[in-house]
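Examining the three-dimensional arrangement
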Amino acid sequence: MNLIILFLPFAGAFISGFLGRFVGTTGAQILTCACILTSALLSLYYWLSINELIIGLFSFEGDQVYFTDWNFLSNNTFINLGTWVDSEYIKISWEFTFNEITLPFLFTVLFISFLIHLFSVNYMANDPHIQRFFSYLSLFTFFMAILVTGANYFVLFVGWEGIGVVSYLLINFWFTRIQANKAAILAFNTNRIGDMALSIAYFVMLPAFGSADFSTVFSLPAYINQTTITIIGFLLLVGAMAKSSQIPLHNWLPGSMEGPTPVSALIHAATLVTAGSYLLIRSSPILEYAPTVLLVITIIGASTAFFAATCGLVQNDIKRIIAFSTISQLGYMVMAIGLSQYNVALAHTLFHAYFKALLFLGAGSVIHAFGDIQDVRKMGGLINFLPFTYAVMLVGTLSLLATPFLTGFYSKDLIIELAYGQYSFSGTYAYILGSVTAGLTAFYSFRLISLVFLTKPNGNKQNYLNSHEASITVIIPLAVLAIFSIFFGYVTSDLFVGIGSDFFANTIFIHPNNISLVEAEFSMSLIFKLLPTIFSLAGTLFALYLYNYNPHFIDSLVENNLGKKVYGFLNGKYYFDVIYNNYIISKGLQFGYNISKEIDRGVIELIGPYGMSNVLYSTSANIAKLDTGIITTYALYITLGLLSLLFIVFAPMLVNTTINDEFRLIILFIFTLIVNSAYLNKKLSK
């Protein structure tokens, strides 16, 4: 059953991609959706069955429900398909594992992927390449499943590279658009930086641990030199930064909005961007023995969350606003990892997947219904035309803001509280930026809701006349995701982050010195617990007031020079792209050109084939001039050559020399080569 979960998406991708003309568009849609749904249901059943959630898990006392025995959770399931690399030094197998980290993640990936497949049936109905699109979606899901279930770093890396390649194909799906080409190339090349760092990490890991298997690697960090562990940790961090779009490797993610909206939802909700977080969570035993790396992770995560939130304040593309929200939430996940709260990071990764997929698909529904317009300034008043879409997007937004008792509340605010509970510089830094980011998130989220649904109509009249709710294949995914955005956190929060929960058993390691859940729960003042919520409420009310009752206030802010500069700075994303293009990419291209011109075509060719051929040709031409046709001159040449040959051959017998046999043979070879070249040159000249 485990292999069926993994390879059903691949079967759907293969048939839809290579046999699409035979199964047709409807057949490709039905087949891929059925394969993904079957895998999702099997993963859910397997998750419930191995954890015995079906029978005997709940105990009731009055109106309270308690999770009971978790002792069975330490049993991982391993599947070995054969050997990949087998040498005297190392053995790497095609091995997969299904445990407490793998199965919740796997179910979330497969289930959301199925909903996106179902949404795409209507959204991509008029596209001429439906089979190819559904093949890419299923192939992406397959590689993500490989990444999540791999039992060693090399199998994980196969899935890691696979989603990188397929993400390029998906972002560039409309390949006739130049901007889509640019966005796909940017995403691919930026992720190559992380892939390179991850590859180097493996080369450091192999001699340090002697293995790439998780079970072996995770049992040894306490006995390995801390410098080595720190180097591995930093390299893993760089790999995760590229995939999870952390500063300064974040610039590819907003550009990837050039792909179809279902692609944006799939990449940014539950799959590609969460792969970096998954890598760090999976590597918790390594990171726990590298405190310097944890400090850097905390600072990067908090800084990324704040940076993306400030950029989202002034974006006008509906998908880009949600994309910057994704970067900001990824910052929260990375921040939690830096605080050693891996279970909370995993919970926020899973919870975020549902309401972020809901927001992306809701945005897709708006775009599809409103003449493919994406600029929020050209919308407004759509609450009367798309009431269901408004309702579900409002649910997703409230969950994103960590509204009490919605899904996002059980992880986002907890991360901020845990930062304060560290009672350290990095924790305080993360708490301040996390709290401010919560307010900024509320502002840009309700700015989007206001400009799209609540304000006066600003769009084309024909778009309003043609706008309507989509078909049932769009409504069902939105409704299901809305339900999960409301209840999933409430149902599973104690499972993942409850005090005393042993759900993750030995799959996550937190050093005893880094456990701070009790401090965050009981030692914090109430005002510090409520501060993120207060900021969120203030940001919400401020956005609603500005864009519904005083819209000219924003215009007045940018009328002076300072306002224009601040707006340009934020809208230009801190000018990261300008810095990269003008000072890094251009300099790198110039450096590469100089290497090609002066080293490759200069030094290497001068001492290589070009230079050697020229030397041989000119030398042979000079020697050929000695061919005078006078027999006495030839007799002199023969005599000198014979004497030289005899001296070289018998020199070790005549004098004490250190010339070895190989060196003498080289001299003979060069001499023979020159003479032959001279002879050929003479023949050709005639």
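Bear in mind that the values here come from a model prediction, so they are computed numbers and not experimental data. (Residues numbered from 1 in each chain as written. Predicted model: local features only at pLDDT ≥ 70, side-chain atom pairs only at ≥ 80, totals over all residues. Heavy atoms only, no water.)

1. So, the overall build of the protein chain
If you tally the helices and strands in the protein chain, you get 28 helices and 4 strands. Counting only contacts in the protein chain whose residues sit at least 6 apart along the sequence, the fraction spanning at least 24 positions is 79%. As displayed, the protein chain has an accessible area near 30300 Å², and 67% of this comes from carbon and sulfur atoms. (Helix = DSSP H or I, 4+ residues; strand = E, 2+ residues; numbered from the N terminus. Contact = heavy atoms within 4.5 Å. Areas by Shrake-Rupley, 256 points an atom, 1.4 Å probe, with all protein chains shown as cover.)

2. A look at the side chain of D413
Along the chain, the position of D413 falls in helix α17 (residues 412–421). Buried within the structure, D413 lacks any salt-bridge partner; its nearest side chain of opposite charge belongs to K412, at an N-O separation of 6.0 Å. Here T533 takes part through its side chain, which lies 3.2 Å from a polar atom of the side chain of D413. Sequence-distant contacts of D413, that is, excluding residues within four places in its chain, are made with A402, G408, P532 and T533. (Buried < 20%, exposed > 50% of the residue type's maximum accessible area, 1.4 Å probe, protein only. Lys, Arg positive; Asp, Glu negative; His and termini not counted. Salt bridge = Lys/Arg side-chain N within 4 Å of Asp/Glu carboxyl O. Polar contact = N/O pair within 3.5 Å; in protein donor to acceptor, adjacent residues only side chain to side chain.)

3. Comments concerning the pattern of salt bridges
Scanning all chains against the criterion turns up 8 salt bridges. In this structure, the salt-bridge partner of E161 is R192, at a minimum N-O distance of 3.4 Å. Pair noted here: E161 is in helix α5 (residues 153–171) and R192 is in helix α6 (residues 178–209), with a separation of 31 residues, a long-range link. E161 sits in the partly exposed class, given a relative accessible area of 22%. When the shortest N-O distance is used, the salt bridge between E258 and R177 registers 2.9 Å. Within this pair, whereas E258 is found in the loop between α9 (252–255) and α10 (261–269), its partner R177 is found in the loop between α5 and α6, the two being separated by 81 residues in sequence.

4. Comments concerning the side chain of T298
Looking at the secondary structure, you find T298 in helix α13 (residues 291–312). By relative accessible area, which is 1% here, T298 ends up buried. Apart from the residues within four sequence positions on either side, T298 is in contact with M335, G338, L339, S426 and A430.

5. Let's talk about α6
An α-helix turns once per 3.6 residues; consequently, residues spaced three or four apart project the same way. Taking 1.5 Å as the rise per residue, α6 with 32 residues should run 46 Å; its terminal C-alpha atoms sit 46 Å apart, in good agreement. Looking at the residues trailing α6, positive phi occurs at G210, about 75°. (Expected span 1.5 Å × (residues − 1).)

6. Brief notes about the packing of aromatic side chains
Per the stated rule, a full pass over the model turns up 47 aromatic pairs. A centroid spacing of 4.4 Å and a plane angle of 15° characterise the contact between W84 and W94, whose relative ring orientation is stacked. With W84 in strand β3 (residues 77–86) and W94 in strand β4 (residues 91–98), the pair connects residues that are 10 residues apart, well separated along the chain. When the centroid spacing of 5.6 Å and the interplanar angle of 65° are considered together, the rings of Y168 and F188 count as edge-to-face. Highlighted residues: Y168 in helix α5 and F188 in helix α6, separated in sequence by 20 residues. Taking relative accessible area as the criterion, F188 reaches 27% and is therefore assigned partly exposed. The structure contains a cluster of three or more aromatic residues connected by ring pairs, namely W84, W94, Y153, F154, F157, Y202, F214 and F218. Of note, R192 hangs over the ring of F188, and the distance from its end group to the ring centre comes to 4.1 Å. (Phe/Tyr/Trp six-rings, centres within 6.5 Å; stacked < 30°, edge-to-face > 60°. Lys NZ or Arg CZ within 6 Å of the ring centre and 35° of its normal.)

7. Re helix α1 (residues 2–18)
Helix length check: α1, at 17 residues, gives a terminal C-alpha distance of 25 Å against a target of 24 Å (1.5 Å per residue), a fit within 8%. The axis of α1 is deflected most strongly, by about 30°, at L8, and proline P9 appears within four residues downstream. N2, I5, L6, P9, G12, A13 and S16 are the residues of α1 that are buried. (Bend = angle between axes of the 7 residues up to and from the residue.)

8. Describing the pairing of β4
Burial runs high along β4: 6 of the 8 residues are buried. Where β3 lies against β4, 7 bridges are found, and the strand directions are antiparallel. Its bridge partner being in β4, N80 is matched across the sheet by E95. With antiparallel pairing between neighbouring strands as the criterion, β3 and β4 make up a hairpin whose turn holds 4 residues. (Pairing = 2+ DSSP bridges.)

9. Overview of the nonpolar core
The tendency in soluble globular proteins is for nonpolar side chains to be buried side by side. In this structure, L147, Y153, L236, I286, L382, V452 and F496 are the most contacted members of the largest nonpolar core, which totals 194 residues. No other element matches helix α15 (residues 342–369), which puts 19 residues into this core. (Core = buried A, V, L, I, M, F, W, Y, C linked by side-chain atoms within 4.5 Å.)

10. Description of the confidence of the model for the protein chain
Predicted confidence across the protein chain gives a mean pLDDT of 82, with 90% of residues reaching 70 or more. Per-element averaging of pLDDT across the protein chain places strand β2 (residues 64–67) at the bottom with 39 and α13 at the top with 91. Segment residues 53–75 is flagged for pLDDT under 50; beyond a separation of four residues in sequence, or across chains, it makes 40 contacts in the model. (pLDDT = per-residue confidence, 0-100.)

11. Description of a nonpolar patch on the surface
Together, L3, F7, F10, F14, F18, L19, F22, V23 and L81 make up a nonpolar patch on the protein surface, roughly 840 Å² of accessible area in all. Mapped onto the nonpolar patch, the elements with two or more residues apiece are α1 and α2 (20–50). As for its placement among the helices and strands, F22 is situated in helix α2. (Patch = residues over 30% accessible without salt bridge, like charges linked within 9 Å, V, L, I, M, F, W, Y side chains within 5 Å.)

12. Regarding the packing of helix α16 (residues 387–400) against helix α20 (residues 472–497)
Interhelical geometry of α16 versus α20 gives an angle of 30° and a closest axis separation of 9 Å. Classified by the interaxial angle, the pair formed by α16 and α20 is roughly parallel. In terms of crossing hand, the pair formed by α16 and α20 is left-handed. Residues F388, V392, V395 and S399 of α16 form the contact with α20, whose own contacting residues are I475, L478, A479, A482, S485 and I486. Grouping the amino acids of the contact of α16 with α20 by side-chain chemistry returns 8 nonpolar, 2 polar and no charged. (Axes fitted to C-alpha atoms, helices over the stretch in contact; angles between N-to-C directions. Parallel < 35°, antiparallel > 145°, perpendicular 65-115°, else oblique. Left-handed = near helix turned anticlockwise from the far one by under 90°. Nonpolar A, V, L, I, M, F, W, Y, C, P; charged D, E, K, R; others polar.)

13. Brief notes about the environment of L295
Within the secondary structure, L295 sits in helix α13. Separated by 44 residues in the primary sequence, L295 and L339 place their C-alpha atoms 7.9 Å from one another.

14. Things to note about the packing of α13 against helix α18 (residues 425–454)
Interhelical geometry of α13 versus α18 gives an angle of 20° and a closest axis separation of 8 Å. When the axes of α13 and α18 are compared, the pair comes out roughly parallel. Note on packing geometry: the crossing formed by α13 with α18 is left-handed. Contacts from L295, T298, I299, A302, S303, A305, F306, A309, T310 and G312 of α13 reach α18 at S426, Y429, A430, L433, V436, T437, L440, T441, Y444 and R447. Residue classes in the contact of α13 with α18 are distributed as 12 nonpolar, 7 polar and 1 charged.

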